[in-house]
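Structural features, examined
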Amino acid sequence: MKLTIPPHILSLKPYEPGKPLEEVEREYGIKDSIKLASNENPLGPSPLALKAIREATMSLNRYPDGSGHILLSKLSQKLNIAAENIVLGNGSDEIIALLALVLLQPGDQVIIPKPTFLLYDNIVRSVGATPVYVPLNELSIDLDAVLKNISPECRMIFLCNPNNPTGTVFSASDFERFLQAVPSDVVIVVDEAYIEFVRNPNCANSLEFISRNAALVTLRTFSKAYGLAGLRIGYGLMSQTLAELLNRVRLPFNLNSLALAGAAAALDDDAFLEKTIRLVHEGLDFMYESLNRRGIEYFPTQSNFFLIDVKKDAQEVFQRMLSEGVIVRSMKAYSFTNYIRVTVGLENENERFLKTLEKVL
Ligand SMILES: *Cc1c(COP(=O)(O)O)cnc(C)c1O
């Protein structure tokens, strides 16, 4: 028997996530390493979420609530949007996959700024659609250039705001003008995985436009500011028409009961969220100042990670920092050959990162 594999599947490469700490330590024979590579919350999970998860373990013999009723009504209240406009996912990653599954066919075009979160490209190509890359302008998404690249075949546009890996944002006024110019049959996906960390008051909040735009999708996640990356839960906000379509292909129990319980409790943990945001902002200010003093070039961010220009091969800097037990991300895969991306950590982790970077450079 000979398998017939579609060519668009054969051309895919598996998405390469940041490696878990344990794996890196095993591979390199190091100990006490710190991971500042995947934009995770350094404080750990929300304590309220942990308590709720522990309690929920007692019911693991039961199937989860497939509708996610409790979490949906909490989100609905918090975000002031109807529960029918919310789709829960096994991470916001799953919402991206569902959108592609429901909306894209081979031959369709999808606009993806470049560089941005690498998963969009992978998912778009996995359903046979064609990515159209639009380069950033000085590390920012160029909304005018995106508009110019909309062809009659264009079905979807990905906008990551703040953009991973550059940390830049687009403004509410630019976004509003953009929305008016996009044809109504093109779905605009705004990924706001890091929106909680934004300090720029002009940053767009796409949620405000959902009720007026049937083709707009906002993605949010519990993986970053809420500290629950390992639990896998995120959501999309969209028109009820789109949400209903996604629910047709969503697997019946895509959210496990621990994730549902943990996320619902995390939403109530304002103290933890505030502590996280404060830690990130203070950490950023500290790192900026230290890098300024050392004369190392970096790019200010609206997120919990930022880029540093190491002025030499980023892969080499990454490897050498790794051997010192400090895990960052080389931006080579994002076509920034001389940049590394670092996530803000705890105070002592930030200090160790800075010391190690100075030593390696
Ligand atoms: C981390 C991240 C996410 C979150 O994905 P989850 O599946 O919710 O963990 C989404 N988008 C971007 C750009 C990210 O960096």
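This structure is a prediction, so every number in the text was calculated from the model and none was measured.

Here we look at the domain arrangement of the protein chain
- The assigned domain composition of the protein chain is domain 1 (18-44 + 270-360) and domain 2 (47-266).
- Here the C-alpha centroids of domain 1 and domain 2 sit 25 Å apart.
- In this assembly, domain 1 packs against domain 2 so that about 2200 Å² is buried in total across both faces, 63% of it on carbon and sulfur atoms.
- Where domain 1 packs against domain 2, one counts 2 salt bridges.
- Here R199 and D285 are joined by a salt bridge, their closest N and O atoms 3.2 Å apart.

Side note on the site of the ligand
- Around the ligand sit 14 residues, and of these D191, Y194, T221, S223 and K224 come closest.
- In the environment of the ligand, an oxygen atom lies 2.7 Å from a nitrogen or oxygen atom belonging to the backbone of S92.
- One of the side-chain N or O atoms of D93 is found 3.0 Å from an oxygen atom in the ligand.
- Classifying every residue of the shell around the ligand by side-chain character gives 5 nonpolar, 5 polar and 4 charged.

Let's talk about the nonpolar core
- One finds F222, I308 and F353 to be the most contacted residues of the largest nonpolar core, which totals 87 residues.
- Lining this core are residues from two domains, each supplying at least three of them: domain 1 (18-44 + 270-360) and domain 2 (47-266).
- With residues near it in sequence (within four places) discarded, I308 still touches L291, I296, E297, Y298, N338, Y339, I340, V342, F353 and L357.
- If you look at the next biggest cluster of nonpolar residues, it comprises 28 residues, including I112, C160, V189 and M238.

Calculation rules
- Residues numbered from 1 in each chain as written.
- Predicted model: local features only at pLDDT ≥ 70, side-chain atom pairs only at ≥ 80, totals over all residues.
- Heavy atoms only, no water.
- Domains from an automatic or database assignment.
- Buried area = accessible area lost by both parts, 1.4 Å probe.
- Salt bridge = Lys/Arg side-chain N within 4 Å of Asp/Glu carboxyl O.
- Near = heavy atom within 4 Å.
- Polar contact = N/O pair within 3.5 Å; in protein donor to acceptor, adjacent residues only side chain to side chain.
- Nonpolar A, V, L, I, M, F, W, Y, C, P; charged D, E, K, R; others polar.
- Core = buried A, V, L, I, M, F, W, Y, C linked by side-chain atoms within 4.5 Å.
- Buried < 20%, exposed > 50% of the residue type's maximum accessible area, 1.4 Å probe, protein only.
- Contact = heavy atoms within 4.5 Å.

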